[in-house]
Amino acid sequence: MESFRSLTVTQRDQILVEQQVFDIFKTFYNLPPSSQSFMLELQRENHVEYLTKGLTGLGPSFCVLDANRPWICYWILHSIALLDEFVDPELEDNTIDFLSRCQMPHLATTYAAVNSLVTLGGEKALSSINREKLYMFLRQMKDASGGFRMHDGGEIDVRACYTAISVASLLNILDDELVQNVGNYILSCQTYEGGISGEPGSEAHGGYTFCGLATMILINEVDSLDLSGLTDWVVFRQGVEGGFQGRTNKLVDGCYSFWQGGIFALLKRLNSTKEVKPIPLGDGEGSGEESPQTTTSSDAAGEEGLNGDLSLGGSHSEIGDQHNTSSQDNVIDIDHNHSKGHANVEPLFNSLALQQYILLCSQELNGGLRDKPGKSRDHYHTCYCLSGLSVCQRSWLEDEDSPPLPRAVLGPYSNLLEPIHPLYNVVLDRYREAYEFFTKS
Amino acid sequence: MHGRPRKAPKPEEEAASVAKAQKLHALQTQFFSFHHNKIYTKEAVELSAKLLEINPESYTAWNYRKLAVEHYLSQPDCNPDWIKSFLDDELRVVENALRQNFKSYGAWHHRKWVISKGHSSIDNELRLLDKFQKADSRNFHAWNYRRFVAESMKRSEQDELKYTEDMIYKNFSNYSAWHNRSVLLSALFEKKAEGFLSKEKVLPEEYEFIHQAIFTDPDDQSGWFYHLWLLDQTVTTDSPLLASSWPGHGYDVFLVEDRCYNGSAFSPFTALHSDSGSFPIVLYFNQPVGGVSSSTVTVECGFNKNEDLLWKPLSASNSQTARVWVAHLKIPSSDLLSTVEVSVGHSKGIISTRGFEYSHPSMFSFKVHVQPMERDFSQVSVAESISLREENFKIYGSQSEESIINSFNQLSIKNGHESTASNWRSEALAKEIECFRELLSLMDCKIGKLTLARLLMAYDVMSYPFANKLVHSEEVLELCSDLMKLDPTHYQYYKDEHSMVLLQKVTSSKESLLQHCFQYKDSVSSAICGPICLRLNNLSLSRMGAFEKLLWVQMLDLSHNELQSIEGLEAMQLLSCLSLRNNKLRSLTALEPLRKLKLLRVLDISYNQIGDHSIDTTRYLCSSPLSHSVGSESNKDETVTSDVALIDNWEAFYIFKDFNLNQLEIVGNTIADEKFKSVLVKIMPKLKQLDGKLLG
């Protein structure tokens, strides 16, 4: 009989990533406090510079992503908004023109374009959205089964459902026709692991779990999901590195800071309303938001981030311990004490450990964020690492309108990002403006 | 751009990139012109292929190619060979696009479309998949496509099972392969394929298989999920069962007019005071079911017609499936002693959410005694005021002990149909338990401990009907406590498990349950009054459970725990008096389960955290009372929309409007200021006492 080889390729890759990450942590913990606080600083100016450059020069090298220009717009604009910066008015005008011209008959790009316009805000941007036409398009994409197709003749999956429902909800055009049977489709995608897969039969995945959960909340059917199973699954997707993996036994990836982290922001709100059944754990919080991983693009992201981790509480932790006992333990201790000191509300995940991963491992000091050490920055990861960071910083917070305590924000308090609306992943203020606008009109 | 390095471009690179963009632009322009003019010449079709090789995500080009294929297939001179070669070309274009980006949604989708035309060879597809799955064994597009191909080509599940085995031997950390294994086995079980007729033979082999992975490296997470799936397959019976009911089999139910009936012949456990003219029959299933109605459940009794009974699901959502179902029998006004027979599932129609039919028809019967009633309830209830304070309780059992215990014996719910646990299931569990004890003796492993705890609990629950006690509960509690210390990050999770096990333990035997049964006596009159009060206070419970054994409870004290949620409490239909004092409830909506308790008259939610958090998170669910389903319900009620105070407190309105409370304690919550209390009085005009003050 064959037998199992003990060090699998997966395990080797995981160990390599852990070594890289723990080396960074070790260096960090051996530094004097002043340098530590420098390392933990969010390089706002550099990020803004990187992002603005990206927007101005959506240059020729991006041509492959042509169909995904709205996505790049969204990733950049949303990141800039999270950093509380503004776009130069002329550039803003051009972007609005571009977005309202693109009218691409594809749900994912529609979502990106709508979120971009909402993020830009203002009369011109918001009124450039033709809601009647958009509604007709959504109806056309609705399949008889209840799910949505990504585009005419395209695939039906959870992403498509989320982008359609999110856009409709944000624009206040969600009605029974659109909602009908979407819930059943999402339900058919929840696996025994607890998470949600892209289509029936597939394995649970962070991006889809976010999309599925957000959709169920938006259509008010979240109760029919197995929320305890879902919570159980997502809790164990955070690894020893501090970051999240997207699926069972994959490598950590910064973009899941949002996809998985955003799930906690959603669960936290549900928890206080409905109570998550199995794990009424303290409840996570954070005003994170979620984003759909909707990209169609090649880069697309997100799709799989690779994250390995220690899910189930311990895998590989020994390895971690051997290599850097002190740092790993520190992370956990810090977090634990913090949470104890605070209003009985513990997030469901280790928020400080995730912030540490984002700032030390995902951040490039000269601007932009990335998947993991050794990978290059890009706008997708910049957007979702920052979104995730915003979620974390508010993970102890119950009230969106008051700022979090300094100890909830890792690094200098100036790291604090704008809060987001976790169902749509747009900055909360912009959501409110859009909400007002579309409720009135 | 996932993982593709991007450095600052050098000038010559920039120039090249500009040239490339121009070329693409020209291609696109030409392509759209062909597309709009419906030109499907060879040249035009080839151009679209070029475009897709550069940008596999250009979905318009994929759609154009579909149109082109349809165009040629509809030609009169079209023959099968030609079709095949045409479609093969199509597959080649997809393959090139996938080489460019093997995560391209558009390309995989197009391939499915071509294959579904049914002219292509399965072997080619499997070869291609092998190539992609070798390059990235976790690519979920490839796995999805594999399932699609296997299904549309009718490849047997057994062959695919073998494939997952090969993948697992190559890399047992490949969770995608384990996952597909569970999908395939489920399909085989469902089909009752040969060799998969019973789980009895298959599951032990799967356990063996997974042990290899777990013992090779207990820290590898892939195996654990699969193990959890196996455990679920072992424990869960496919067809739903009736776990318990109220009244239970053989009960003598006394319907009395007055709460103070001590000294009479009534058992305090089964005497029920009802001021609503009806009493509930509750069915508690072991999993959520739908289809409970007067045609699937027959109730025969002298004083109600079966077809008049309306069965309602008790679930938080408005779904038509639930574990718990309730119907109400009307109480006749005259003296009565009648036997009620309830048959469940003798005709088909009760179906679990997973689609399995209720297949163990069962029957239970009980007696109902009705005392002559003087129907002047208002007078009786005005005087009563219940205060669940320590001094008002007396532990059960000092007087008339024997009769109490006798009546208590009635409660041990042992429906004969419950014990269908097959031997192989408990044997499989016993074997797993042994195996994990061994693992833990070799190394310290958190997930191993958690699994052992789950196994022990599952074993106890399965053998409970025979052993009538939970043999391992102490050990499980210890494991949970241990895990709380070892793995503080997931502290709350283990704490919840701990709470559930503790509740199972408390409710598992007569002796342990009696220790929590108290008699309530009025401090003023010192009369011993009313039903038994079950006191589960001060147990640091973070979660409530074991409802199936507590359906008889009318007074429940859950004070001084750490509950944030009371989900599931809606099953306790007889509750008339409930204390949740000193817990961690954080919002009014957490009280939702109580809306379903029609007999609830006294509620204590004082000293919780309701209102501590200024933003109620429901606003993300329902941004205003006038949108979404919850709001539209209240919208119909004119009193709401016309009253500004109520609109501001629509959540309180939503929760409390259905309550029928006499007495409410809400002091000690941030929300409970004078203004809020005046709103409550408006919402509940029948309320007689609020925070100890009589209302005029």
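The shown structure was predicted, so the numbers you read here are calculated from the model rather than taken from an experiment.

(A) Fine view of helix 8 (residues 157–170) of chain B. Residues and elements named next belong to chain B. Between its first and last C-alpha, helix 8 extends 20 Å over 14 residues, near the 20 Å set by a 1.5 Å rise per residue. Within helix 8, the full set of buried residues consists of E157, E160, L161, Y163, T164, M167, I168 and Y169. Each element contacted by the buried residues of helix 8 is listed here: helix 6 (122–135), helix 7 (140–152), helix 9 (175–191) and helix 10 (199–216).

(B) Fine view of the sheet that holds strand 3 (residues 271–273) of chain B. All names here are of chain B. Spatially, the 5 strands line up as an open sheet ordered 3-2-10-8-5, and their pairing is mixed. On the outer flanks of this sheet lie strand 3 and strand 5 (297–300), each paired with one strand and no other. Neighbour-to-neighbour, the strand axes of this sheet turn through a mean angle of 25°, independent of strand direction. Bridge count for strand 5 against strand 8 (residues 336–344) is 4 bridges, and the pairing is antiparallel. Following the sheet pairing, V299 is matched in strand 8 by V342.

(C) How the structure looks around the packing of helix 4 (residues 69–82) of chain A against helix 17 (residues 379–393) of chain A. Residue and element names in this part refer to chain A. It is at 9 Å that the axes of helix 4 and helix 17 come closest, and there the two elements cross at 35°. The way helix 4 lies across helix 17 gives a crossing that is left-handed. Here W71, I72, Y74, W75, I76, H78, S79 and L82 of helix 4 come into contact with helix 17, specifically with H379, Y380, T382, C383, Y384, L386, S387 and S390. Split into classes, the residues belonging to the contact of helix 4 with helix 17 amount to 10 nonpolar, 6 polar and no charged.

(D) Representation of the side chain of Q260(A) in the model. All names here are of chain A. Along the chain, the position of Q260 falls in helix 14 (residues 256–273). Accessibility expressed as a relative area gives 0% for Q260, which makes it buried. Beyond its immediate chain neighbours, meaning those up to four positions away, Q260 contacts G206, W233, V234, R237, F244, Q245 and G246.

(E) Focus on the pattern of salt bridges. One pass over the full model with this rule turns up 36 salt bridges over all chains. Between E199(A) and K112(B) there is a salt bridge whose closest N-O contact spans 3.5 Å. Here the residue E199(A) occupies a position in the loop between helix 11 (182–187) and helix 12 (206–218), and K112(B) occupies one in helix 5 (residues 105–115), the pair thus bridging two chains. E199(A) sits in the partly exposed class, given a relative accessible area of 21%. Across the pair E203(A) and R138(B) runs a salt bridge whose closest N-O atoms are separated by 2.8 Å. With E203(A) in the loop between helix 11 and helix 12 and R138(B) in the loop between helix 6 and helix 7, the pair connects residues from two separate chains. By the burial criterion, E203(A) is buried, and R138(B) matches it. A cluster of three or more residues bridged by salt bridges with shared partners is formed by E592(B), R595(B), K657(B) and D658(B).

(F) Examining the pairing of strand 4 (residues 278–290) of chain B more closely. Residues and elements named next belong to chain B. In terms of burial, strand 4 is largely enclosed, as 11 of its 13 residues are buried. Bridging between strand 1 (residues 242–246) and strand 4 involves 4 bridges; their strand directions are antiparallel. Looking across to strand 4, one finds that L242 is bridged to F285. Across 8 bridges, strand 4 lies against strand 7 (residues 322–330) in antiparallel orientation. From the neighbouring strand, F279 faces strand 7, where its bridge partner is L329. Here 2 bridges tie strand 4 to strand 9 (residues 351–352), and the two strands are oriented antiparallel to one another.

(G) View of the packing of helix 10 of chain B against helix 14 (residues 423–442) of chain B. Residue and element names in this part refer to chain B. Look at helix 10 against helix 14: their axes get within 11 Å of each other, and the N-to-C directions meet at 10°. The orientation of helix 10 with respect to helix 14, classified from their angle, is roughly parallel. Packed against helix 10, whose contacting residues are K199, E200, L203, Y207, E208, H211, I214 and F215, the element helix 14 presents W424, A428, K431, E432, C435, F436, E438, L439 and L442 at the interface. Tallied by class, the residues present in the contact of helix 10 with helix 14 amount to 10 nonpolar, 1 polar and 6 charged.

(H) Inspection of the confidence of the model for chain A at higher detail. All names here are of chain A. Averaged over all residues, the pLDDT of chain A equals 80, while 78% of them reach at least 70. The model gives residues 60–65 a pLDDT under 50, and that stretch makes 17 contacts with residues more than four places away or in other chains. Within the model, pLDDT remains below 50 along residues 272–344, and this stretch shows 319 contacts once partners closer than five positions in the same chain are excluded.

(I) Structural context of helix 7 of chain B. For helix 7 of chain B, built from 13 residues, the straight-helix expectation of 18 Å at 1.5 Å per residue is met to within 8% by its first-to-last C-alpha distance of 18 Å. Buried residues dominate helix 7 of chain B, accounting for 10 of its 13 residues. Taken together, the buried positions of helix 7 of chain B are occupied by F140(B), H141(B), A142(B), W143(B), N144(B), Y145(B), R146(B), R147(B), V149(B) and A150(B). Where helix 7 of chain B is buried, its residues touch helix 12 of chain A together with helix 5, helix 6, helix 8 and helix 9 of chain B. At the N-terminal end of helix 7 of chain B, a side-chain oxygen is found 2.8 Å from the backbone nitrogen of H141(B), two or three residues along, and the residue is N139(B). Just beyond helix 7 of chain B, the residue with positive phi is K154(B), at close to 55°.

About the cut-offs
Within each chain, residue numbers correspond to sequence positions counted from 1 in written order. Ligands are numbered from 1 and chains lettered from A, in the order in which they are written. Local features in this predicted model are restricted to residues of pLDDT 70 or higher, and side-chain atom pairs are both shown and tallied only at a pLDDT of 80 or more, whereas totals for entire chains, interfaces and linings draw on every residue. Only hydrogens and water are set aside; all other atoms, that is, all heavy atoms of the structure, feed into the side-chain values. Secondary structure elements are taken from DSSP: a helix is a run of H or I of four residues or more, a strand is a run of E of two residues or more, and numbering for both begins at the N terminus. A helix's residues, less one, multiplied by 1.5 Å, set its expected span. The rule is simple: take the accessible area with a 1.4 Å probe, protein chains only, and divide by the maximum for that residue type; under 20% is buried, over 50% is exposed, in between is partly exposed. Two residues qualify as a contact provided that any one of their heavy atoms is within 4.5 Å of a heavy atom in the partner residue. Paired strands, in this sense, are two strands between which DSSP finds at least two bridges. Axis lines are fitted to C-alpha atoms, over the contacting stretch for helices. Their N-to-C directions set the angle, which ranges from 0 to 180 degrees. In this scheme, a crossing is called left-handed if the near helix is turned counterclockwise away from the far one by less than a right angle; it is called right-handed if the turn is clockwise. Residue polarity is assigned by list, with Asp, Glu, Lys and Arg as charged and Ala, Val, Leu, Ile, Met, Phe, Trp, Tyr, Cys and Pro as nonpolar; anything else, Gly included, falls into the polar class. The term salt bridge refers to a pairing of a side-chain nitrogen on Lys or Arg with a carboxyl oxygen on Asp or Glu at a separation within 4 Å. For classification purposes, an angle smaller than 35 degrees is called roughly parallel, one larger than 145 roughly antiparallel, one from 65 to 115 roughly perpendicular, and anything else oblique. Known as pLDDT, the predictor's confidence for each residue is given on a scale from 0 to 100. As used in this structure description, the phrase polar contact means that two N or O atoms lie within 3.5 Å; if the pair is within protein, one of them must be able to donate a hydrogen and the other to accept it, and residues adjacent in sequence are counted only when both atoms belong to side chains.

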